[in-house]
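Summary of the model geometry
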Amino acid sequence: MEVVAGPMFSGKTEELLRRMRRATLAKQTVMLFKPVRDDRHGTTDVVSHDARRQNAIALDSSSDVEKQVAQAHHRPDVVGIDEVQFFDDDIVSVCNRLADDGIRVIVAGLDLDYLGRPFGIMPLLLAHAEYVTKLNAICSRTGRPAHFSHRIEGGSEDVQIGGAESYEALSREPYNDVVVRDHHRGATAE
Ligand code: ADP
Ligand code: MG
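Residues numbered from 1 in each chain as written. Chains lettered and ligands numbered in written order. Predicted model: local features only at pLDDT ≥ 70, side-chain atom pairs only at ≥ 80, totals over all residues. Heavy atoms only, no water.

1. Thoughts on the site of ligand 1
Put simply, the rule reads: Throughout this document, a residue counts as near a molecule or strand when at least one of its heavy atoms sits within 4 Å of that molecule or strand. We define a polar contact as two N or O atoms separated by no more than 3.5 Å, with the added condition that, inside protein, one atom must be a possible hydrogen donor and the other a possible acceptor, whereas residues neighbouring each other in sequence contribute only through side-chain atom pairs. The protein chains shown are the only cover counted for residues, whose accessible areas, like all others here, come from Shrake-Rupley with a 1.4 Å probe. For helices the rule is a DSSP run of H or I covering at least 4 residues; for strands it is a run of E covering at least 2, with both sets numbered from the N terminus onward. Each residue gets one label: Ala, Val, Leu, Ile, Met, Phe, Trp, Tyr, Cys and Pro are nonpolar, Asp, Glu, Lys and Arg are charged, and the others, such as Gly, are polar.
Close to ligand 1 lie 13 residues; K12, T13, E14, H49 and I138 are nearest. Here an oxygen atom of ligand 1 and a backbone polar atom of F9 are 2.9 Å apart. At a separation of 2.8 Å, an oxygen atom of ligand 1 approaches a polar side-chain atom of T13. Considering ligand 1 on its own, with 580 Å² of exposed area, one finds that the protein chains cover 75% of that surface. Counting residues per element, the ones that place at least two in the shell around ligand 1 are α1 (12-25) and β9 (137-138). Of the residues in the shell around ligand 1, the class split is 5 nonpolar, 5 polar and 3 charged.

Right under this line is the structure:
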């Protein structure tokens, strides 16, 4: 199991698509999934902020991932999942079972939410994975590596789908200047 984690704009989707493309070049069978709630780009493609895209299957629930794999014409060698943080908690067991069955599982997701809290089941996936890649974006204020996704506008719902109009990538110092200190750091999202 491989996890690609980081803030928004850090290139998680690019990296996931790169690994999927290389597997395809190696004549391996790949399946790419994404959660249906991430409907920014319609339901059939995974699209990076760099406009790279690849056909994907949009699913509501983690159990559908296993169903799709079981029903596939060719058993996949590689299963990719983008925006994995938006799936239900069972995605952790699903990923482990697929990996136990010998499938290379590559998941990409946000490690922190916009308040700097570990995002849902991501800590578990990061622990279970054999390989973890942590990516940084470029801080829009300092140009330094950015580990935080700051919500520029919008409400305080845990999940709010958006791109550059609603979020910016920030490094630690500017992030701490704009987000209420001590409020959430160290806490886990409930
Ligand atoms: P993620 O899936 O992590 O949100 P993507 O793979 O979709 O990231 O997009 C990464 C691309 O976003 C970069 O290659 C770059 O072209 C673009 N980009 C836009 N804003 C930034 C930023 N602040 N830092 C880094 N890349 C950015
Ligand atoms: Mg992405």
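2. Structural notes on unusual backbone geometry
With a phi close to 70 degrees, F9 is a non-glycine residue in the positive phi region. By the element assignment, F9 lies in the loop between β1 (2-6) and α1. One non-glycine residue, A51, lies in positive phi territory at about 70 degrees. You can see A51 is positioned in the loop between β3 (45-47) and β4 (53-55).

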